[in-house]
Amino acid sequence: MKIPHLIILLLPIFFTTSLQSSPSPPHFLKSTTNDTTPKQYFQLTHPLPTDDVTPSCFVSLLNHSFANTYGIPPVTVNYTPPPPTCNWTIAVLEFRAQCKGEQYDRIAGVWIDGVELLRTSTAQPTESGIFWKIRKDVSRYSSLISQSNLTLTVMLENLVNDEFTGVYHVNISLLFYSATSVRVPLSIVPLESEAHSLNRKLISVENNNEIGDKLDQFDRDIVLNSLYPYNKPADLVVPISASAGVNEGFWFRIEDEFDVKTQKVKISNRTYKAVLELYVSFHGNDEFWYMNPSDSYVETNHLSTGRAHGAYREVLVTIDGKLVGAVVPFPVIFTGGINPLFWEPVVSIGAFNLPSYDIDLTPFLGLLLDDKNHTIGIKVADGISFWLVDANLHLWFDCSDVKAQTVTSKVPSMEVQRKTEFELLDGEFEIQGERESEVTGWVYSSAGNLQTQLTEKIKFKNKLKFKDQGTKKEVDQKYKRKTKIKITNEIGQVIESLEVKIKYPLKVSIETKPGLDADTSVMTTKVEQERSERFYGGKESLVLSHKQNCTGLMVVKGSSVLSGSAENQQNYNYNDGLGCYARVVDVVDGVVVGDDTSSICV
């Protein structure tokens, strides 16, 4: 039976000696649970300022059941903007889903006229059913979602038959809020519910002098939206996505390291700021790219797997063939990944709302503002099949034409060093790389002659070990990025600044042993991972730390997880300069045994 290429895969046991000539099925399903009622799944995140606030208006965009959708065009409907009478400055996308039966997890995307608003994945359902909700602030797309005569496209390839019975029922809405009605979350009180949903005590900014005084120290747009560059939504958002999106989905499918996806753009001469926002997900042979051994290891041991080509990946962005930025993406583990028992009912970091990544192109405007078409290219360094990528080009306009010049441009390729040592199925593979970039450019607009300087340092290291005849795999990966953006005027005064510090440490171990019954295996699994992101801009700041620590085992036969046990502890900390939010959740065998929240800054 053919499985859709967009199925999210579980890491196969392809290194055991008995499986060399006949690899195990690359897809796994978890065992049936004892639940009798539908269970709510959730991803840890901080509450939005709009939570528990009545919206000024809302628009229902899509209500659709994704059954046999593999190989057919995505669902496309006419987009309905908010009515002219609706007073709003903040927009929130709400994505609700439910499913029951047996089904793999799937990747999905939501676009308006080719601009991606959300990259998400589904959870693996149960016979009694599961449901979940995603809320994402999409105010940065305000110039787009306020327009009419657009289309909404949703891609979720699914397969339903006698074996895979789960149909994903999806409802998508946009909720619009007035800035004057938004509240700042200050304290959190847990309610009793299966998924420990929260009822926040919220204090209105308008009606509280203490908070209002504190807000005077900040730009309200920054508090309600984001730091630079999205403290003011762009005047235009240009999709850098597949032209055949209505028929095949708007994401580009990248098959290997030589596959470069390009799009020509002509940028208005009124543009004074430009930022490229990347959406990225990895699948197939590269879903677990951070655990891929070298080609020589696979070839020497005559393994039939395609999961190879080393454990370094980086998404590269070019303008007219010139490298202008790069991203090592956060290693999102989908709900069928490593051990699917880990991710019920709390999914892994980023699984329901995959992060996007920004590349500031403002210093490169000197190359773009010439009334000519320019080619933006996207590729994946060392990539193999397959990656789904696209981008949104955010552009900010002045009232008239501006002048721009790129003064310095140094964005070198990653300096990658590789060390490979193996004997038969045991070995060690180490990859490390560094890059230092510096770009400076000025833009002369109605705001004056402003210079943007961007400096960035990246360090990447991956150490992969295979032990005990390849039955035990261990990976220890570290990624650090430090980015500084400084905008100065003609006399050298700092007008705006941003410093970003990112760390994505990851440790995974998988050990496979023969099971007690015929044709079964016992897999012992462990995951330690953190998404650490710190943003500092003048007086404003935003600090996020999301950790997960998972241990468990599962008994596997063929493509089925027969039984097992799993523990998952997640620790979420968020501080936006106005307040703090912390949540610690403990899950044992799919049951939430601890859920503590706090608003105390530590």
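Everything below is about the structure shown above.
Residues numbered from 1 in each chain as written. Predicted model: local features only at pLDDT ≥ 70, side-chain atom pairs only at ≥ 80, totals over all residues. Heavy atoms only, no water.

**Q** I'm lost on the overall build of the protein chain in this one. Help?
**A** The helix and strand tally for the protein chain stands at 6 helices and 32 strands. Each of the 602 residues in the protein chain was classed as buried or not, and the buried ones make up 56%. Within the protein chain, counting contacts between residues at least 6 apart in sequence, those at least 24 apart form 75% of the total. For the protein chain, the accessible area works out to roughly 24500 Å², and carbon and sulfur atoms hold 48% of it. (Helix = DSSP H or I, 4+ residues; strand = E, 2+ residues; numbered from the N terminus. Buried < 20%, exposed > 50% of the residue type's maximum accessible area, 1.4 Å probe, protein only. Contact = heavy atoms within 4.5 Å. Areas by Shrake-Rupley, 256 points an atom, 1.4 Å probe, with all protein chains shown as cover.)

**Q** How should I be thinking about the sheet that holds strand β9 (residues 168-177) in this particular structure?
**A** Picture the strands of a sheet paired through backbone hydrogen bonds; they go either parallel or antiparallel. Reading across the sheet, the 5 strands line up as β1-β7-β4-β9-β2 and stay open at both edges, with mixed pairing between neighbours. In this open sheet, the two strands that pair with only one neighbour each are β1 (39-40) and β2 (57-66). Relative to β9, β2 runs antiparallel, the two sharing 9 bridges. Within the sheet, the bridge partner assigned to serine 60 lies in β9 and is serine 173. (Pairing = 2+ DSSP bridges.)

**Q** Would you take a moment to explain the state of the cysteines for this structure?
**A** A covalent bond bridging the sulfur atoms of two cysteines is what the word disulfide describes. Tallied over the full model, the rule gives 1 disulfide. Here cysteine 57 is linked by a disulfide to cysteine 86, with a sulfur-sulfur distance of 2.1 Å. The sign of the -90° torsion about the S-S bond sets the cysteine 57-cysteine 86 disulfide as left-handed. A residue pair is termed long-range when its members are at least 10 positions apart, and cysteine 57 in strand β2 and cysteine 86 in the loop between β3 (75-78) and β4 (90-99) qualify at 29 residues. (Disulfide = S-S within 2.5 Å.)

**Q** Would you mind going over the nonpolar core with me for this structure?
**A** Membership of the largest hydrophobic core comes to 97 residues, with the highest contact counts inside it found for Ile240, Leu278, Ile338, Leu361 and Trp387. Sorting elements by how many residues they give to this core places strand β20 (residues 387-397) first, with 7 residues. Non-local contacts of leucine 278, meaning those with residues more than four positions away in its chain, are made with Val315, Val317, Val327, Ser356, Tyr357, Ile359, Ile378, Asp390 and Ala391. Counting 47 residues, the second-largest nonpolar core is a separate cluster that includes Ala108, Leu156, Val275 and Trp396. (Core = buried A, V, L, I, M, F, W, Y, C linked by side-chain atoms within 4.5 Å.)

**Q** Just to check I follow, could you spell out the sheet that holds strand β17 (residues 322-327) for this structure?
**A** Spatially, the 4 strands line up as an open sheet ordered β14-β19-β16-β17, and their pairing is antiparallel. Two strands lie at the open edges of the sheet, namely β14 (261-265) and β17, each paired on one side alone. Here the strands of the sheet are splayed against their neighbours by 20° on average, with no regard to which way each runs. (Axes fitted to C-alpha atoms, helices over the stretch in contact; angles between N-to-C directions.)

**Q** For this particular structure, what's the right way to read a negative patch on the surface?
**A** Negative charge collects at one region of the surface, where Asp320, Asp370, Asp371 and Asp401 lie side by side. Its place among the elements puts aspartate 371 in the loop between α6 (365-368) and β19 (374-381). (Patch = residues over 30% accessible without salt bridge, like charges linked within 9 Å, V, L, I, M, F, W, Y side chains within 5 Å. Salt bridge = Lys/Arg side-chain N within 4 Å of Asp/Glu carboxyl O. Lys, Arg positive; Asp, Glu negative; His and termini not counted. Charge placed at Lys NZ, Arg CZ, Asp CG, Glu CD.)

**Q** Mind showing me how you'd approach the packing of aromatic side chains here?
**A** Counting across every chain of the model gives 22 aromatic pairs. An angle of 75° between the planes, with centres 5.1 Å apart, marks the rings of tryptophan 111 and tryptophan 251 as edge-to-face. One end of the pair, tryptophan 111, is in strand β5 (residues 107-112); the other, tryptophan 251, is in the loop between α4 (245-248) and β13 (252-254), with 140 residues separating them in the sequence. Considered together, tryptophan 111 and tryptophan 251 belong to a single accessibility category, that of buried residues. Through successive ring pairs, a cluster of aromatic residues spans Phe282, Phe288, Trp289, Tyr290, Phe334 and Trp387. Sitting over the ring of phenylalanine 386, arginine 253 keeps its end group 3.7 Å from the ring centre. The ring centre of tryptophan 396 lies 4.2 Å from the NZ or CZ of lysine 273, which sits over that ring. (Phe/Tyr/Trp six-rings, centres within 6.5 Å; stacked < 30°, edge-to-face > 60°. Lys NZ or Arg CZ within 6 Å of the ring centre and 35° of its normal.)

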